[in-house]
Each structure stands twice: as C-alpha cells, then as structure tokens.
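Tertiary structure, described
Each chain, letter by letter, is given below.
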Amino acid sequence: MPDIDVPLVGGRFGRTSRRDLWWVQPLVVLLVLSGFVIYATWAAFQGNHYRFGPYLSPFYSPELWGNPLTAWIGGRPGWYPSWLIFSPALFILPFPAGFRLTCYYYRGAYYKAFWADPPSCAVGEPPRSYRGERSFPLILQNVHRYFLYIALLFIADLAYDAWNGFWFDGHFGMGVGSVVLLVNVILLGGYTLGCHALRHRVGGVLDRLAGARLRKRTYDCVSCLTGQHMTWAWCSLLWVAFTDLYVRLCSMGVWHDWRIF
Ligand code: FES
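Let me sum up the structure you'll find in this document. (Residues numbered from 1 in each chain as written. Predicted model: local features only at pLDDT ≥ 70, side-chain atom pairs only at ≥ 80, totals over all residues. Heavy atoms only, no water.)

1. Section: the nonpolar core
Leu-33, Phe-36, Phe-59, Phe-99, Tyr-105, Tyr-106 and Trp-234 are the most contacted members of the largest nonpolar core, which totals 47 residues. Contributing elements (two or more residues each) for this core: α1 (24-46), β2 (55-56), α3 (104-115), α4 (144-164), α5 (176-193), α6 (196-204), α7 (213-226) and α8 (229-251). Looking at this core element by element, the count peaks at seven residues for α1. Other than its neighbours up to four places away in sequence, Tyr-106 contacts Leu-33, Arg-100, Tyr-111, Tyr-191, Ala-233, Trp-234 and Leu-237. (Core = buried A, V, L, I, M, F, W, Y, C linked by side-chain atoms within 4.5 Å. Buried < 20%, exposed > 50% of the residue type's maximum accessible area, 1.4 Å probe, protein only. Helix = DSSP H or I, 4+ residues; strand = E, 2+ residues; numbered from the N terminus. Contact = heavy atoms within 4.5 Å.)

2. Here we look at α3
What sets the pattern is the α-helix's 3.6 residues per turn: residues three or four places apart point alike. Over its twelve residues, α3 extends 16 Å from the first C-alpha to the last, a length consistent with the 16 Å expected when each residue adds 1.5 Å. Among the residues of α3, those classed as buried are Tyr-105, Tyr-106, Arg-107, Ala-109, Tyr-110, Tyr-111 and Ala-113. For α3, the elements touching its buried residues are α1, α2 (94-101), α4, α5 and α8. Where α3 terminates, the next one or two residues include Ala-116, which has phi positive at roughly 50°. (Expected span 1.5 Å × (residues − 1).)

3. Some remarks on the packing of aromatic side chains
Throughout the structure, instances matching the rule amount to 31 aromatic pairs. Here Tyr-39 and Phe-59 contribute two aromatic rings whose centre-to-centre distance is 6.3 Å and whose plane-to-plane angle is 50°, an arrangement assigned as tilted. Placement of the pair is Tyr-39 in helix α1 and Phe-59 in the loop between β2 and α2, with a sequence separation of 20 residues. Taken individually, Tyr-39 and Phe-59 each receive the classification buried, so the pair is uniform in this respect. A ring pair is formed by Trp-239 and Phe-242, whose centres lie 5.1 Å apart and whose planes are at 55°; its orientation type is tilted. With Trp-239 and Phe-242 both in helix α8 and three residues apart, this pair spans about one turn of that helix. In this arrangement the basic side chain of Arg-100 is found over the ring face of Tyr-191, its NZ or CZ atom lying 4.2 Å from the centre. Over the aromatic face of Phe-168 sits the side chain of Arg-259, whose NZ or CZ is 3.9 Å from the ring centroid. (Phe/Tyr/Trp six-rings, centres within 6.5 Å; stacked < 30°, edge-to-face > 60°. Lys NZ or Arg CZ within 6 Å of the ring centre and 35° of its normal.)

Nothing here speaks to function; it is all geometry.
This is the structure in structure tokens:
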C-alpha cells in the first residue's frame with residue numbers, strides 16, 4: 001500500500017493540507033444514510049403493502065402484531081394507545097436500527113458525516129471538546145454487543161422468510177421476489193456474522209487462540225467477513241431497503257413479480 005505523507009495542520013475547523021477529495025466520502029455517507037432513514041421511517045409508518053404472496057418485507061418481520069390472519073400473536077394489541085399510529089414495523093425496526101447505529105464501522109462513518117467530528121483524518125475539528133466513548137452519552141454505544149444477540153435471531157427469522165419465499169400455494173417455485181429475499185438474508189448474514197463484537201466473543205476474548213482449535217477456526221471465519229465489514233454494511237443496508245420496496249410495489253400492483261419456475 002503506498003504511503004501518503006499528510007502533515008497535520010492544527011487550528012480552524014476544516015483546515016487541512018490534504019489535496020485529495022477527502023470530503024466526498026463523508027458527503028456520500030451523509031446522503032445515503034439520510035436517504036435510508038427517511039425511506040425506512042416512511043415505510044415503517046405505512047402499516048400496509050408489506051406482504052405479497054409468500055414474500056414478507058424484512059421491515060415487518062417477524063410480524064408479531066398486524067394482520068390477524070398472518071401475524072404471530074394477533075391484530076392490533078389492546079394495550080396499544082388508540083391515538084398512536086399503528087404499524088407492525090414499529091415493534092421490529094428499533095432492534096436492527098439499534099444494531100446499525102451502534103456498529104463500530106457506522107460509528108466512525110456517521111461521526112464524520114453528521115457531526116464532522118472530525119470531518120476526516122488530518123482535517124481540523126469543530127472547536128469543542130470530545131470526551132470519547134468512555135463518558136455519557138457515547139458510552140451507551142457499548143450496548144452493541146447485546147444488540148448483536150438480537151440481530152442473530154433476526155437472521156434466523158429472515159432465513160425462514162427467505163425459505164417461505166420459495167413456496168407458492170404449497171408448491172416449490174421461484175420468483176424474482178424469492179431471489180430478492182434470499183440475497184437479502186445473505187447480505188444481512190454477511191454483515192451480522194462479520195460483527196467485531198462477535199469476533200471478540202468467539203475468540204478475540206482469549207489471550208491465546210493456539211490450542212483452542214474450534215474457536216480459532218470460528219475466529220478465522222468471522223475475521224474473513226470482518227475484513228469486508230464496510231462492504232457488507234452498505235450492500236445489506238441498500239438491499240434491505242430495496243427488498244421492502246420490491247414487496248411493496250408488487251403488493252401495490254406497480255411491479256409484476258416474474259415467476260422463474
Ligand atoms: S461492529 Fe458492525 S455490526 Fe458489530
């Protein structure tokens with residue numbers, strides 16, 4: 001890898017000696033993440049068009065409450081305030097959202113993109129004191145390891161949905177939507193199983209991996225995915241939104257789901 005000598009320049013916000021387009025990456029992160037949050041929030045509050053044939057939108061899975069015919073528990077729960085908009089996705093999305101929000105990779109990306117703190121490496125920061133992630137409120141990011149366990153359950157659930165996406169009225173088949181759901185769980189699985197917290201849990205916690213063969217293997221497998229964590233993060237983010245859009249537009253009759261066999 002070539003080395004680039006970038007002299008540090010202290011002082012004013014945004015001041016730097018860098019000659020490259022360092023601002024492009026944070027700007028792209030800002031636009032893509034903002035776009036995703038706007039779309040996901042809009043889709044979550046719709047409360048309809050999340051199922052088409054055997055396909056279920058990942059934003060609404062598992063459907064605990066919702067359509068009484070398809071939800072695991074039942075229709076709108078009695079304890080839910082009548083003045084609040086009801087949508088099954090509102091019970092689901094806080095968990096994957098919490099997992100992404102506290103992800104080690106995304107933290108680095110959105111600290112730069114949204115807070116410009118710092119805007120990029122070797123670029124002047126805003127004039128305020130950064131107290132790090134050891135003090136409130138950023139210390140709460142440590143909850144990531146617990147979100148991980150929930151995220152693993154979601155992967156199992158989405159794999160079940162992907163399997164169901166291949167069954168049409170009791171017959172095995174394949175539509176474009178089946179492939180969309182399958183790719184979705186593969187990408188989300190690659191992202192989740194490459195989590196740094198999982199890598200720590202399966203082997204990184206040990207001082208010596210030599211002698212713990214199974215853990216060493218597991219650690220190496222997770223490390224393979226961790227090395228490309230950023231790629232998995234973006235691909236899975238965009239695809240999960242596309243999967244919801246696909247199911248939604250098919251359900252609305254805007255798109256036609258092509259049956260491959
Ligand atoms: S570090 Fe990114 S998902 Fe855990």
